[in-house]
Amino acid sequence: MSLNENRSFPASVTNLAELEGNDPEVFAALCGEETRERNGIELIPSENYTFPEVLACLGSVFTNKYSEGYPGRRYYGGQTFTDQIENLARDRAKSVFRCEHANVQPLSGSAMNQAVYLGLLEPGDTIMAMDLSHGGHLTHGAPVSHMGSLFNFVRYVTDPVDGSIDFDQVRSDALRTKPKMMLCGYTSYPRDIDYAAFKAIADEVGAITMTDASHFGGLVAGQAMNNPFDFGFDIVTTTTHKSLRGPRGGMVLCRKPFAKKIDKSVFPGLQGGPHMNAVAAIAVTLQKAQTIEFQAYAHQVLKNAKALSGALLDEGADLVTGGTDNHMMVMDTMKTFGLDGRVAEEVLDRVQITTNKQIIPDDPNPPLRPSGIRMGTPAATTRGMLESDMLQLSGWICECLRHPEDEGILSRVRGEVEAFCQGFPVPGL
Ligand code: DSN
């Protein structure tokens, strides 16, 4: 049976036509964003172009439905189809990440991490996690976050030269502070994680092991990076919209003994009704993530990151940790070009190359004027760009940052970028 047997198809086209007529201001902004995404190169490592089917689910009638509870145990009627999609999303998550339980309801990355801490720990308990300026996320205990004041975070840092984590130091801090949880994962760290080393220390002190895989969830799913569950980890969280190419949202994946506490913590502990349009989109994403094509994509993301970082290094760029093992890199623009990250981001914005200003380890500068920028390859790879294209990107980036006030150069590069992008259509646009 077609869901659309009584109406014209596709619905989104009809809806956009209505939007154009009824709210031209919002329509104009939407068109502007679409053009921006089409004509520019997206290098923010946490952003991507989602699958067209994901956009279809997000704009679907599942938006209309409240579904507090879990499949088979809801607090509102009318759940035949929401139960179907949530079961699909959960089963697919378990299969893709090879885990025993999945909760696909968290509304965001912050909510998913908070649900884990609040569900498994008591306020005041100690958690070890990576320091914000060394690559950890706000929810990994940054003092400005609510989690930072609710729990006692002990932060580990990275080596200033090669970016490695000193596991002797982590072990001695763990023995001294007796964390209930050891957390690895990052938002701005261009290296892989030694899960075995973390797990050994956690076992020694009896800590729960958690990985926040938000940035590289898609690369784990595509079998291009290690899966923490293969090292015996207890909990893995991941957002669904970064390298995974799904809708904005989060998932908590875990071993069976943690399942009940995690579910109770997400709902009713932290959230009310899940966004079932996003859950439907997560189901679609996880079906895509099981394909050979997605595996090829994930591996190409890493190859492109190696190519881009290599080309930048050849141009004399100072990259934090000296390169990358994953999909991202952080360039110290202060050291390389004498520009702070805000200025570098603005210069690149002007030529339609989108990056984000980024603090570097122990940054002497404040977060809104930090010393670097962060770049990554998931979105460019989605458009079909390959290693040779990364050489071209590196050339434009360095030329513009060497001549930040040369209007002639910036205007020429802007045109070249726009022409180049026409060869790499954004899926679905
Ligand atoms: N905003 C995400 C990122 O850019 O890494 C993390 O929350």
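Only a predicted model underlies this, so the values are computations on that prediction, with no experimental measurement involved. (Residues numbered from 1 in each chain as written. Predicted model: local features only at pLDDT ≥ 70, side-chain atom pairs only at ≥ 80, totals over all residues. Heavy atoms only, no water.)

## Quick word on the site of the ligand
Thought 1: Residues in contact with the ligand, as listed here, are Ser46, His137, Thr187, His215, Lys242 and Arg374.
Thought 2: One of the side-chain N or O atoms of Arg374 is found 2.7 Å from an oxygen atom in the ligand.
Thought 3: Contact with the protein chains hides 63% of the accessible area of the ligand, taken as 230 Å² for the molecule alone.
Thought 4: Residue classes in the shell around the ligand are distributed as no nonpolar, 4 polar and 2 charged. (Near = heavy atom within 4 Å. Polar contact = N/O pair within 3.5 Å; in protein donor to acceptor, adjacent residues only side chain to side chain. Areas by Shrake-Rupley, 256 points an atom, 1.4 Å probe, with all protein chains shown as cover. Nonpolar A, V, L, I, M, F, W, Y, C, P; charged D, E, K, R; others polar.)

## Some remarks on the pattern of salt bridges
Thought 1: Per the stated rule, a full pass over the model turns up 21 salt bridges.
Thought 2: Residue Arg74 pairs with Asp83 through a salt bridge whose shortest N-O separation is 2.7 Å.
Thought 3: A relative accessible area of 17% places Asp83 in the buried class.
Thought 4: Lys94 serves as the salt-bridge partner of Asp91, at 3.9 Å between the closest nitrogen and oxygen. (Salt bridge = Lys/Arg side-chain N within 4 Å of Asp/Glu carboxyl O. Buried < 20%, exposed > 50% of the residue type's maximum accessible area, 1.4 Å probe, protein only.)

## A short note on the sheet that holds strand β11 (residues 328-332)
Thought 1: Here we have 3 strands laid out as an open sheet, ordered β11-β14-β13, and antiparallel in their pairing. The open sheet has two free edges, formed respectively by β11 and β13 (356-358), since each of these has just one partner strand. Taking the axes of each pair of neighbouring strands and ignoring which way they run, one obtains an average angle of 40° across the sheet.
Thought 2: Inspection of the sheet shows β11 paired to strand β14 (residues 372-376) by 5 bridges, in the antiparallel sense. Across the sheet, residue Met328 finds its bridge partner in β14, namely Gly376.
Thought 3: Contacts from helix α12 (residues 292-314) reach β11 and β14 within the one sheet, and its direction differs from that of β11 by about 15°. (Pairing = 2+ DSSP bridges. Helix = DSSP H or I, 4+ residues; strand = E, 2+ residues; numbered from the N terminus. Axes fitted to C-alpha atoms, helices over the stretch in contact; angles between N-to-C directions. Contact = heavy atoms within 4.5 Å.)

## Section: the sheet that holds strand β4 (residues 101-103)
Thought 1: Read from one edge of the open sheet, 7 strands run β4-β10-β9-β8-β7-β5-β6, paired in mixed fashion. At either end of the open sheet lies a strand with only one pairing partner, and these are β4 and β6 (152-156). When the angles between neighbouring strand axes are averaged without regard to direction, this sheet yields 20°.
Thought 2: In terms of strand pairing, strand β9 (residues 235-239) meets strand β10 (residues 250-254) through 5 bridges, oriented antiparallel. By the bridge assignment for β10, Thr239 is matched with Gly250.

## Quick word on a nonpolar patch on the surface
Thought 1: On the surface, a cluster of nonpolar side chains totalling about 400 Å² of accessible area is made up of Tyr66, Tyr75 and Tyr76.
Thought 2: Within the fold, Tyr75 resides in the loop between β3 (73-74) and α4 (80-97).
Thought 3: For Tyr75, a relative accessible area of 62% puts it in the exposed group. (Patch = residues over 30% accessible without salt bridge, like charges linked within 9 Å, V, L, I, M, F, W, Y side chains within 5 Å.)

## What to know about the pairing of strand β5 (residues 126-130)
Thought 1: Within β5, 5 of the 5 residues are buried, which leaves the element mostly enclosed by the surrounding structure.
Thought 2: Pairing geometry for β5 and β6, over 5 bridges, is parallel. The partner of Ile127 across the bridge, within β6, is Phe153.
Thought 3: Pairing between β5 and strand β7 (residues 181-185): 2 bridges, direction parallel. By the bridge assignment, Met128 is partnered in β7 with Met182.

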